[in-house]
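Take a look at the letters that make up each chain.
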Amino acid sequence: MATHKTRMLIIGSGPAGLSAAIYGARAMMEPIVVQGLQPGGQLTITTDVENYPGFRDVVQGPWLMQEMQAQAEHVGTRMMWDTIVRVDLEGGSPFRAYGDSGDIYEGDTLVIATGAQAKWLGVPGEMELGGKGVSACATCDGFFYRGKKVAVIGGGNTAVEEALYLTNHSDDVTLIHRRDSLRAERILQDRLFNHPKITVLWNQVVEGFEGDPLAGGLTHLSLKDRVTGQLSKFHCDGAFVAIGHAPSTELFKGQLPVDEGGYLIVEPGTPKTAIPGVFACGDVMDHTYRQAVTAAGTGCMAALDAERFVSGLSIDLHGHAEAAEAAE
Ligand code: NDP
């Protein structure tokens, strides 16, 4: 059991945490990143990334995260293979975080970049058949459904991307959505509707997953038509739940304010939480944009503000605005 001290402790190793680390290391903050249960974050369970600036060709999510980590380490970040199980923010800086390993991490500043996790429908059979036909990650599990019939539930970018991805393995992919229009980006919708292997079922609510977890796994989904009320069975070998994400804020319950969706509340336009010296960046505080590039951007902001906090400086955005107005 050891205690690790740093000027900047970062919890989470997705684009937000690693961008904070790159900026923090270059500012001589000697950051420590505690990687958590999913090192590299959500991009490690995605495939093609076409919208991260700087790459003309498609890059792979896991590769992009390896590169970010290599860059963070190259400039002086210490990466820890540990998961924080408790934090103590009372009493202000330095902040303490306790690792699953038994190690303690102490940071003059704390950058929270714990991200978000896939949501589940919460209907019968979902948990029992998890890993036995029901999954929340096509990139992780799609391979197991080679040549089989699969369904994706949801209507956002994730659901459409998962359906498109699954066509690499299956010739029979059905997207099941609870409404009659998708919220996914237009370009993705066009690809989906034009794909010969994909069918869309509209206005269908999944009421349950049926099958025997011990023998054969998932056999069908129980559906209810939202418009007609008609019940039906949809037979498939695999079902992928892709209905969005919930922020990972469990660690901070009762210590930092969260909004109704559970996202950490920050001072608008900044990564500052209610506690001076504690900053939040990426999906854990952003329910609107949730992109790798916006996570990286807020990670950079958190590091800049952490550096200012350690130096005893503060940025007063309003003061700055007033000064600018006065100068006009
Ligand atoms: P979204 O919140 O955008 O979409 C969730 C979808 O799931 C919606 O269609 C919603 O239906 C549906 N849904 C939610 N709850 C339920 C439920 N209980 N039962 C049935 N359906 C449900 O989440 P995503 O994960 O798709 O995307 C999150 C963010 O990440 C977005 O900002 C997205 O743009 C971004 N993203 C970007 C990517 C890219 O640029 N390449 C890739 C993946 C994500 P309804 O529409 O009726 O509300």
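Chemist: So, the overall build of the protein: which residues are in play, and what are the values?
Modeler: Along the protein, the regular secondary structure elements total seven helices and 19 strands. A globule of 328 residues ought to have a C-alpha radius of gyration of about 20 Å, and the protein, at 22 Å, matches this closely. Counting only C-alpha atoms and orienting by the principal axes, one finds that the protein spans roughly 65 × 55 × 40 Å. The buried share among the 328 residues of the protein stands at 48%. Across the protein, the fraction of contacts at a sequence separation of at least 24, relative to all contacts at a separation of at least 6, is 59%. Roughly 16600 Å² of accessible area belongs to the protein as shown, and the carbon and sulfur atoms make up 51% of that amount.

Chemist: Give me the lowdown on the domain arrangement of the protein, citing residues and values where you can.
Modeler: Per the domain assignment, the segments of the protein are domain 1 (3–118 + 245–327) and domain 2 (134–241). Counting residues at the interface gives six residues for domain 1 and eight residues for domain 2. Together, the buried faces of domain 1 and domain 2 total about 490 Å²; carbon and sulfur atoms form 54% of this surface. At the junction of domain 1 and domain 2, the tally comes to one salt bridge. As a salt-bridge pair, R191 and E50 come within 3.3 Å of each other at their nearest N and O atoms. At the boundary of domain 1 with domain 2, the tally comes to one residue pair in polar contact (both at pLDDT 80 or more). Considered class by class, the residues forming the side of domain 1 that touches domain 2 number two nonpolar, three polar and one charged.

Chemist: Provide a residue-level description of the pattern of salt bridges, including the pertinent values.
Modeler: Within this structure, the stated rule accounts for eight salt bridges. Linking R96 and E106 is a salt bridge whose minimum nitrogen-to-oxygen distance equals 3.1 Å. Linking R96 in strand β7 (residues 95–99) with E106 in strand β8 (residues 104–112), this pair joins segments that are 10 residues apart in sequence. Note that D305 and R308 form a salt bridge whose closest N and O atoms lie 3.4 Å from each other.

Chemist: Describe in detail the site of the ligand, supporting the description with residues and values.
Modeler: As a structural note, the neighbourhood of the ligand is formed by 20 residues, with N157, T158, E161, R179 and R183 the closest of them. Between the ligand and N51 there is a distance of 2.9 Å, counted from an oxygen atom to a side-chain nitrogen or oxygen. One nitrogen or oxygen atom from the side chain of Q291 is found 3.3 Å from an oxygen atom belonging to the ligand. Relative to its unbound accessible area of 910 Å², the ligand is 78% covered by the protein chains.

Chemist: Summarise the sheet that holds strand β14 (residues 204–212); cite the residues concerned and give the values.
Modeler: One open sheet holds the three strands; their spatial order is β14-β15-β16, and the pairing between them is antiparallel. Unpaired on one side and paired on the other, β14 and β16 (231–235) mark the two borders of the sheet. For this sheet the average axis-to-axis angle between neighbouring strands, irrespective of direction, equals 30 degrees. Of the pairings in the sheet, the one linking β14 to strand β15 (residues 217–225) comprises eight bridges and is antiparallel in character. The partner of G211 across the bridge, within β15, is L218.

Chemist: Describe in detail helix α6 (residues 292–310), supporting the description with residues and values.
Modeler: Taking 1.5 Å per residue as the helical rise, α6 with its 19 residues ought to reach 27 Å, and the 27 Å between its terminal C-alpha atoms agrees with that figure. Residues of α6 that are buried include every one of A292, A295, A296, T298, G299, C300, A302, A303, D305 and A306, and no others. Buried residues in α6 make contact with β1 (3–11), α1 (15–26), β8 and β19 (278–280).

Chemist: So what's going on with the side chain of T167? Which residues, and what values?
Modeler: One can find T167 in the loop between α4 (157–166) and β12 (172–176). Among the polar contacts listed, one links the side chain of T167 to the side chain of H195, at a separation of 3.4 Å. Dropping the residues within four chain positions of it, T167 is found in contact with V173, H195, K197 and I198.

Chemist: Go over the pairing of β7, please, and point to the residues and values.
Modeler: Burial runs high along β7: four of the five residues are buried. Here strand β6 (residues 84–88) runs beside β7; their pairing, made up of four bridges, is antiparallel. By the bridge assignment for β7, V87 is matched with A97. Pairing of β7 with β8 involves four bridges; the strand directions are antiparallel. Its bridge partner lying in β8, Y98 is registered against I104. Between β7 and β8, which pair antiparallel in sequence order, lie four residues; one of them, G102, sits at a positive phi of approximately 100 degrees.

Chemist: Pulling in residues and values, what's your account of the sheet that holds strand β13 (residues 198–201)?
Modeler: As a general point, the strands of a sheet are linked pairwise by backbone hydrogen bonds and lie either parallel or antiparallel. One open sheet holds the five strands; their spatial order is β10-β17-β11-β12-β13, and the pairing between them is parallel. Strands with a single pairing partner mark the edges of an open sheet, and in this sheet they are β10 (134–135) and β13. Contacts from α4 reach β11 (149–153), β12, β13 and β17 (238–241) within the one sheet, and its direction differs from that of β11 by about 165 degrees.

Chemist: So what's going on with a positive patch on the surface? Which residues, and what values?
Modeler: Where like charges cluster on the molecular surface, the positive patch consists of K119, R178, R183, R226 and R290. Among the secondary structure elements, R226 is positioned in the loop between β15 and β16. We classify R226 as partly exposed; its relative accessible area is 48%.

The rules behind the values
Residues numbered from 1 in each chain as written. Predicted model: local features only at pLDDT ≥ 70, side-chain atom pairs only at ≥ 80, totals over all residues. Heavy atoms only, no water. Helix = DSSP H or I, 4+ residues; strand = E, 2+ residues; numbered from the N terminus. Rg over C-alpha atoms; globule rule 2.2 N^0.38 Å. Buried < 20%, exposed > 50% of the residue type's maximum accessible area, 1.4 Å probe, protein only. Contact = heavy atoms within 4.5 Å. Areas by Shrake-Rupley, 256 points an atom, 1.4 Å probe, with all protein chains shown as cover. Domains from an automatic or database assignment. Buried area = accessible area lost by both parts, 1.4 Å probe. Salt bridge = Lys/Arg side-chain N within 4 Å of Asp/Glu carboxyl O. Polar contact = N/O pair within 3.5 Å; in protein donor to acceptor, adjacent residues only side chain to side chain. Nonpolar A, V, L, I, M, F, W, Y, C, P; charged D, E, K, R; others polar. Near = heavy atom within 4 Å. Pairing = 2+ DSSP bridges. Axes fitted to C-alpha atoms, helices over the stretch in contact; angles between N-to-C directions. Expected span 1.5 Å × (residues − 1). Patch = residues over 30% accessible without salt bridge, like charges linked within 9 Å, V, L, I, M, F, W, Y side chains within 5 Å. Lys, Arg positive; Asp, Glu negative; His and termini not counted. Charge placed at Lys NZ, Arg CZ, Asp CG, Glu CD.

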